[in-house]
Amino acid sequence: MAKVHGLPSMTPWNHLAAMPPLGNGEAKVYEFAEGIEVIKCAFEQVNPEMAEFVQTMVDNGWIDAEPSENRRLGAYCTQLAATRTPLVFMTWGGSRSDLLTLAHELGHAFHNWVMRDLPLCRTSYPMTLAETASIFAENIVRDYLLEQAKTSEEKLEMLWEELSSAYALTINIPVRFEFEKAFYQARQESELDADQLCELMSTTWAEWYGDSMEGTDPYFWASKLHFSISELSFYNYPYLFGYLFSQGVYAQREQKGDSFYPDYVALLRDTGSHLAEDVVFKHMNKDLTQAEFWEQGMQSLSMKVDEFEALLNEIGR
């Protein structure tokens, strides 16, 4: 990724940036309706019911994505408890990142949708399982776009999106966890001023990013909202668990074939009733206490890292 930026290594201010255009190419801009069609086509490859669900969201006006002067960037999904109506809010800008964000939020909405007939008390799932359907949905759309890509440059752009997300989730999230853990340990002894917090963040940052990044982001503790949620500690940990969990579930899609979709829906429906270990064993016949489940997801990611590097070499970067 640093090679594409023309840098010796990544830096704190560009590690989440979009991929720079290669050559004279311009970034693809999607109309909202076009983005919906892409997501529907991708979802349909898993099962037509998933594509029909996306159309239902559109037909009922349950996606509010139109930009306005008073709307900030970002996205989230919620539902109305009385009617079990899933709602998606975001600011559509037309980028490939926006497309994947919409897919992510529609994954959350689908999770809520398949549970709509259950008692309300069984629809409240823990944060560790909350990202299962959303990251799964992102993976579906990424792989679909990768299949549709006609040039090496297009494939690189798609792989960039996935690897950028993996870089953030497998490195940046542990940085947040370890920083917060170290903060609580130090806080037992005394209060910490801004300089001490910056030092603590820089130390943790350097430990996790290693030589993949030049410099640290000492004020990350001040800029990341998650650290300021006083009623909830270690907010970030579930994102890493959820990412790895969803990668493991996604890896079962090819292995299970036609039986995957009903098992996947059954797994989502049980996320508010069972522990993660029990849900996966019941519906995927996998043991979370063993390394195999987690390694399957990481093996898929490793293959895409290799593909990304091979394509870079192919175009002479």
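Residues numbered from 1 in each chain as written. Predicted model: local features only at pLDDT ≥ 70, side-chain atom pairs only at ≥ 80, totals over all residues. Heavy atoms only, no water.

1. What to know about the packing of aromatic side chains
This model, assessed by the stated rule, comprises 26 aromatic pairs. Seen in terms of ring centroids, Tyr237 and Phe241 are 6.3 Å apart; in terms of plane orientation they differ by 50°. Their pairing is tilted. In this pair, Tyr237 and Phe241 both sit in helix H10 (residues 237-256), four residues apart, roughly one turn of the helix. Look at Phe241 and you get buried, because its relative accessible area is 17%. Taken together, the aromatic side chains of Phe177, Phe183, Tyr184, Phe234, Tyr237, Phe241, Phe245, Phe293 and Trp294 make up a single cluster linked through ring pairs. Lying across the ring of Tyr30, Lys28 places its NZ or CZ 5.1 Å from the centre. Lying across the ring of Trp113, Arg116 places its NZ or CZ 3.9 Å from the centre. (Phe/Tyr/Trp six-rings, centres within 6.5 Å; stacked < 30°, edge-to-face > 60°. Helix = DSSP H or I, 4+ residues; strand = E, 2+ residues; numbered from the N terminus. Buried < 20%, exposed > 50% of the residue type's maximum accessible area, 1.4 Å probe, protein only. Lys NZ or Arg CZ within 6 Å of the ring centre and 35° of its normal.)

2. Some words on the side chain of His226
When you line up the elements, His226 lands in the loop between helix H9 (220-223) and H10. At 2.8 Å, the side chain of His226 forms a polar contact with the side chain of Asn236. Not counting the four nearest positions on each side in its chain, His226 is found in contact with Arg176, Tyr235, Asn236 and Tyr239. (Polar contact = N/O pair within 3.5 Å; in protein donor to acceptor, adjacent residues only side chain to side chain. Contact = heavy atoms within 4.5 Å.)

3. Here we look at the state of the cysteines
The full count for this structure, using the stated rule, is zero disulfides. Take Cys77: it sits in no disulfide, and the sulfur closest to it among the cysteines is that of Cys121, at 20 Å. (Disulfide = S-S within 2.5 Å.)

4. Focus on the sheet that holds strand S3 (residues 85-90)
The strand order across the open sheet formed by three strands is S1-S3-S2, and the pairing between neighbours is mixed. Lying at the two open borders of the sheet, with one neighbouring strand each, are strand S1 (63-64) and strand S2 (75-80). Alignment of S1 against S3, held across two bridges, turns out to be parallel. Bridge pairing in S3 links Ile63 to Val88. (Pairing = 2+ DSSP bridges.)

5. Here's the deal with the pattern of salt bridges
Under the criterion given, the structure shown has twelve salt bridges. The residue Arg142 makes a salt bridge to Glu138 at a minimum N-O spacing of 2.7 Å. Residue Arg142 and its partner Glu138 are both found in helix H6 (residues 132-148); the two are separated by four residues, about one turn of the helix. The residues Arg142 and Glu138 share a single accessibility class, namely buried. Between Asp143 and Lys304 there is a salt bridge, with the nearest N and O atoms lying 2.8 Å from each other. Pair noted here: Asp143 is in helix H6 and Lys304 is in helix H13 (residues 291-314), with a separation of 161 residues, a long-range link. (Salt bridge = Lys/Arg side-chain N within 4 Å of Asp/Glu carboxyl O.)

6. Examining helix H4 (residues 96-113)
Over its 18 residues, H4 extends 25 Å from the first C-alpha to the last, a length consistent with the 26 Å expected when each residue adds 1.5 Å. The buried fraction of H4 is high, at 16 of 18 residues. (Expected span 1.5 Å × (residues − 1).)

7. Structural notes on the layout of surface pockets
Looking at the second largest pocket, its volume works out to about 530 Å³. Elements supplying a minimum of two residues to the lining of the second largest pocket: H6, H10 and H13. (1 Å grid on protein atoms, 1.4 Å probe; cavity = no way out; pocket = protein on both sides within 12 Å on 5 of 7 lines; lining within 4 Å. Points joined across faces, edges and corners; volume = space filled by probe spheres on them.)

8. Details of the environment of Lys40
Considering the arrangement of structural elements, one finds Lys40 in helix H2 (residues 32-46). As a C-alpha pair, Lys40 and Ala103 span 63 residues in sequence and 9.4 Å in three-dimensional space. Aside from chain neighbours lying at most four places away, what touches Lys40 is Ala51, Val54 and Gln55.

9. Considering the nonpolar core
With 92 residues, the main nonpolar core has Ile39, Leu102, Phe110, Val141, Phe245 and Tyr264 as its most contacted residues. Ranked by residues supplied to this core, first place goes to helix H7 (residues 152-187) with twelve residues. If we ignore the near neighbours within four places in the chain, the residues touching Val141 are Val38, Ile39, Ala42, Phe43, Leu99, Leu100 and Ala103. (Core = buried A, V, L, I, M, F, W, Y, C linked by side-chain atoms within 4.5 Å.)

10. A few points about unusual backbone geometry
Positive phi, normally seen in glycine, also occurs at Arg84, with a value near 60°. Its location among the elements puts Arg84 in the loop between S2 and S3. For Arg84, a relative accessible area of 13% puts it in the buried group. With a phi close to 50°, Phe234 is a non-glycine residue in the positive phi region. The class of Phe234 is partly exposed, set by a relative accessible area of 28%.

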